[in-house]
Structures are given as C-alpha cells and as structure tokens.
Amino acid sequence: MSATSVLPPPCAVLFVANVERLARFYRELAAMAVVHEEADHVVLELAGLQLVIHAMRGEPEPASGPALQVREDSYWKLCLPVASIGAARLAAPALGGWIAPSEREWEARGFRACDGHDPEGNVIQLREPASAARTSARVAPSGKRLPAPPAGPPAQPAFTHPPTLLRFPRLP
C-alpha cells in the first residue's frame with residue numbers, strides 16, 4: 001500500500017455568502033460531483049480535488065450585474081478543467097458568472113485557458129486541453145454544432161500569457 005492511498009484528497013475552501021448559488025455555479029460549469037452537502041457547506045469534487053463551498057457568517061449577499069465587485073486583486077485563483085471553454089462561456093451568465101471573450105484566451109503547457117469570475121466576484125480560470133481549442137467554440141452547451149470559425153491564422157500567438165491580475169504587497 002502506498003503512502004498516498006491513505007492521505008485525504010487535496011481540498012480548497014471558498015467562503016461565500018450564498019452557498020447554494022455558488023455550489024450550483026461550480027457544479028454545473030465544471031461538471032463537479034457533489035460529495036457531501038449540509039446547510040452551511042457543500043463539498044464538490046473533480047479529478048481528485050475537493051472544493052468546499054462554505055457559508056461565511058455575516059457576509060452580505062454581493063451585488064449582481066454591473067455593480068458586482070470582481071476580486072481581480074485576490075491572492076489565489078481557482079483553475080478548473082472543462083471540456084469546452086466555449087460551452088462554459090455560454091453557460092456562465094445563466095449561472096450568475098462570466099467568462100472572458102475568446103480573444104482573451106491563451107495557451108501554455110498543453111492547455112488553453114480563459115479567466116472569468118463566479119457569481120460572488122471570485123476570479124476563476126477555466127482550462128481545456130490545447131487540442132480541444134480548435135473545436136471548443138463550435139459546440140454549444142446543448143451539444144449543437146455551431147458554424148466553423150473563419151479560416152486563417154489564430155487571433156493571438158500560442159504560448160502567450162494574459163496580463164497579470166494579481167498584485168502582491170512589496171516585502172520590506
């Protein structure tokens with residue numbers, strides 16, 4: 001028996017104002033499975049990582065729409081694998097979130113990525129295999145094929161990085 005077989009799975013805890021809404025967002029957008037559910041928290045799992053959506057006592061419900069404060073200057077960003085960034089981009093608004101337009105996607109280390117935010121303004125990143133990038137924008141969440149994009153060079157070169165969103169305090 002290996003030592004890793006007895007270790008608990010890796011986990012991240014996200015404290016939120018609305019557990020039900022955020023659990024639905026992550027469950028549906030990233031196809032996460034519900035592992036455990038109680039009134040004050042939901043445990044989701046994907047590819048061996050557990051995400052605990054936990055109520056933060058006294059946290060007011062954040063504004064929605066244009067008044068939502070997106071936390072671009074946060075110290076962490078949750079990166080989740082999806083089958084299709086394009087399909088997730090279409091589904092996110094109905095779930096209360098947002099994924100940046102395809103022009104802001106970028107590639108590195110065998111995946112294509114795009115940033116967005118969840119319904120409470122937490123910055124997230126969605127990743128699909130780089131090989132799926134050519135087809136991700138052509139399939140709607142319903143599975144219906146969309147028209148092929150125009151032929152020609154990609155909008156931006158491969159292996160580019162998005163602008164840095166995180167700002168860390170300077171050390172004395």
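Residues numbered from 1 in each chain as written. Predicted model: local features only at pLDDT ≥ 70, side-chain atom pairs only at ≥ 80, totals over all residues. Heavy atoms only, no water.

Peer 1: Would you mind going over the overall build of the protein chain with me for this structure?
Peer 2: The helix and strand tally for the protein chain stands at three helices and nine strands. Reading the protein chain from its N end, one meets helices and strands in the order β-α-β-β-β-β-α-β-β-β-β-α. Going through the 172 residues of the protein chain one by one, you find that 37% of them count as buried. The contacts of the protein chain with a sequence gap of at least 6 include a subset with a gap of at least 24, amounting to 57%. (Helix = DSSP H or I, 4+ residues; strand = E, 2+ residues; numbered from the N terminus. Buried < 20%, exposed > 50% of the residue type's maximum accessible area, 1.4 Å probe, protein only. Contact = heavy atoms within 4.5 Å.)

Peer 1: Looking at this structure, how should I read a nonpolar patch on the surface?
Peer 2: There is a patch of nonpolar side chains on the surface, built from Val13, Phe15 and Met56 and spanning about 260 Å² of accessible area. Assignment of secondary structure puts Phe15 in strand β1 (residues 11-16). For Phe15, a relative accessible area of 44% puts it in the partly exposed group. (Patch = residues over 30% accessible without salt bridge, like charges linked within 9 Å, V, L, I, M, F, W, Y side chains within 5 Å. Areas by Shrake-Rupley, 256 points an atom, 1.4 Å probe, with all protein chains shown as cover. Salt bridge = Lys/Arg side-chain N within 4 Å of Asp/Glu carboxyl O.)

Peer 1: Explain the pattern of salt bridges to me, please; I cannot follow it from the model alone.
Peer 2: Side chains bearing opposite charge may pair, as long as their charged atoms lie close to each other. Evaluation of the coordinates by the stated rule reveals six salt bridges. Salt-bridge contacts for Arg27 lead to Glu28; the nearest nitrogen and oxygen are separated by 3.4 Å. Using a relative accessible area of 32% as the deciding quantity, one classes Arg27 as partly exposed. Look at Glu28 and you get partly exposed, because its relative accessible area is 40%.

Peer 1: I tried to follow the packing of aromatic side chains on my own but got confused; where do I start?
Peer 2: The description of two aromatic rings rests on the distance between their centres and on the angle between their planes. Enumeration over the complete set of coordinates arrives at two aromatic pairs. Here the aromatic rings of Phe25 and Tyr26 are separated by 5.1 Å at their centres, their planes lie at 85°, and the arrangement is edge-to-face. Side by side, Phe25 and Tyr26 carry an identical accessibility label, which is buried. Residues Trp106 and Phe111 carry aromatic rings whose centres are separated by 5.9 Å and whose planes lie at 70° to one another, so their mutual orientation is edge-to-face. Each member of the pair Trp106 and Phe111 is classed as buried. (Phe/Tyr/Trp six-rings, centres within 6.5 Å; stacked < 30°, edge-to-face > 60°.)

Peer 1: I keep staring at the sheet that holds strand β2 (residues 33-38) and nothing clicks. Help me out?
Peer 2: Backbone hydrogen bonds are what pair the strands of a sheet, in a parallel or an antiparallel way. Reading across from one edge, β1-β4-β3-β2 is the order of the four strands in this open sheet, with mixed pairing throughout. Single-partner strands in this sheet number two, and they are β1 and β2. Put simply, the sheet's adjacent strands are angled 20° from each other on average, direction ignored. Inspection of the sheet shows strand β3 (residues 41-46) paired to strand β4 (residues 49-55) by six bridges, in the antiparallel sense. When the sheet's bridge partners are listed, Leu44 is paired in β4 with Leu51. The sheet contacts of helix α1 (residues 19-29) involve β1, β2, β3 and β4, and relative to β4 the element is tilted by about 160°. (Pairing = 2+ DSSP bridges. Axes fitted to C-alpha atoms, helices over the stretch in contact; angles between N-to-C directions.)

Peer 1: Just checking my understanding: could you explain the environment of Lys77 for this structure?
Peer 2: One can find Lys77 in the loop between β4 and β5 (78-81). Not counting residues up to four positions away in its chain, the partners in contact with Lys77 are Asp115, Val123, Ile124 and Gln125. At 3.0 Å, the side chain of Lys77 and the side chain of Asp115 are in polar contact. (Polar contact = N/O pair within 3.5 Å; in protein donor to acceptor, adjacent residues only side chain to side chain.)

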